[in-house]
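As a plain string of letters, each chain reads:
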Amino acid sequence: AEVCVALGEVDAQVGRINEARKVFEEGTKKVTKDLNRVYRAWAKLETMAGQKNEVIEDLLLIAIDCNPKDTQAHTAWAQLKEKEVRNYGKELRMRR
């Protein structure tokens with residue numbers, strides 16, 4: 001998992017988003033240990049790329065499913081949900 005995550009992160013840092021996605025996708029097929037780390041890194045990439053929250057949430061939930069003790073994935077998921085609640089609250093206030 002470490003090599004896959006590192007390669008994907010390098011691609012992302014230099015702006016090769018699609019290449020990073022391919023690295024993570026391939027990683028999910030080949031990595032057996034710490035697969036949650038691949039999904040968590042992929043979710044981080046999609047967050048940076050401005051992907052929809054549903055996609056990010058799906059990746060984080062898969063990471064949690066791979067390792068229910070992955071506190072970083074749980075935290076990232078909770079922060080995503082918190083952001084959605086705040087945005088919903090802003091939307092309600094604007095309607096008034």
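Residues numbered from 1 in each chain as written. Predicted model: local features only at pLDDT ≥ 70, side-chain atom pairs only at ≥ 80, totals over all residues. Heavy atoms only, no water.

Caption draft 1: View of the pattern of salt bridges. By the definition in use, this model includes eight salt bridges. Salt-bridge contacts for Glu46 lead to Arg21; the nearest nitrogen and oxygen are separated by 2.7 Å. One end of the pair, Glu46, is in helix α3 (residues 35–48); the other, Arg21, is in helix α2 (residues 17–30), and 25 residues separate them in sequence. Judged by its relative accessible area of 23%, Arg21 falls in the partly exposed class. Here Asp70 makes a salt bridge to Arg40, at a shortest N to O gap of 2.7 Å. Pair noted here: Asp70 is in the loop between α4 (53–66) and α5 (71–95) and Arg40 is in helix α3, with a separation of 30 residues, a long-range link. The two residues Asp70 and Arg40 agree in class, both being buried. (Salt bridge = Lys/Arg side-chain N within 4 Å of Asp/Glu carboxyl O. Helix = DSSP H or I, 4+ residues; strand = E, 2+ residues; numbered from the N terminus. Buried < 20%, exposed > 50% of the residue type's maximum accessible area, 1.4 Å probe, protein only.)

Caption draft 2: Quick peek at the packing of aromatic side chains. Per the counting criterion, the structure on display carries one aromatic pair. On the numbers, 6.2 Å between centres and 20° between planes, the contact of Tyr39 with Trp42 is stacked. Remark: Trp42 and Tyr39 occur in helix α3; sequence separation between them is three residues, near one turn of the helix. (Phe/Tyr/Trp six-rings, centres within 6.5 Å; stacked < 30°, edge-to-face > 60°.)

Caption draft 3: Seen up close, α4. For α4, spanning 14 residues, the distance from its first C-alpha to its last is 20 Å, which sits close to the expected 20 Å at 1.5 Å a residue. Where α4 is concerned, the buried positions are Ile56, Glu57, Leu59, Leu60, Ala63 and Ile64. With its buried residues spanning 165° around the axis, α4 presents them on a single face. Facing away from the buried side of α4 by more than 90 degrees, the exposed set consists of Glu54 and Asp65. Elements in contact with the buried residues of α4: α3 and α5. (Expected span 1.5 Å × (residues − 1). Arc of directions from axis to C-beta. Contact = heavy atoms within 4.5 Å.)

Caption draft 4: View of α3. For α3, built from 14 residues, the straight-helix expectation of 20 Å at 1.5 Å per residue is met to within 8% by its first-to-last C-alpha distance of 20 Å. In terms of burial, α3 is largely enclosed, as 10 of its 14 residues are buried. Restricting attention to buried positions, one finds in α3 the residues Leu35, Asn36, Val38, Tyr39, Arg40, Ala41, Trp42, Ala43, Leu45 and Glu46. Elements that come into contact with the buried residues of α3 comprise α1 (2–13), α2, α4 and α5. One or two residues past the end of α3 sits Gly50, with phi positive at roughly 80°.

Geometric values such as these leave the question of function open.
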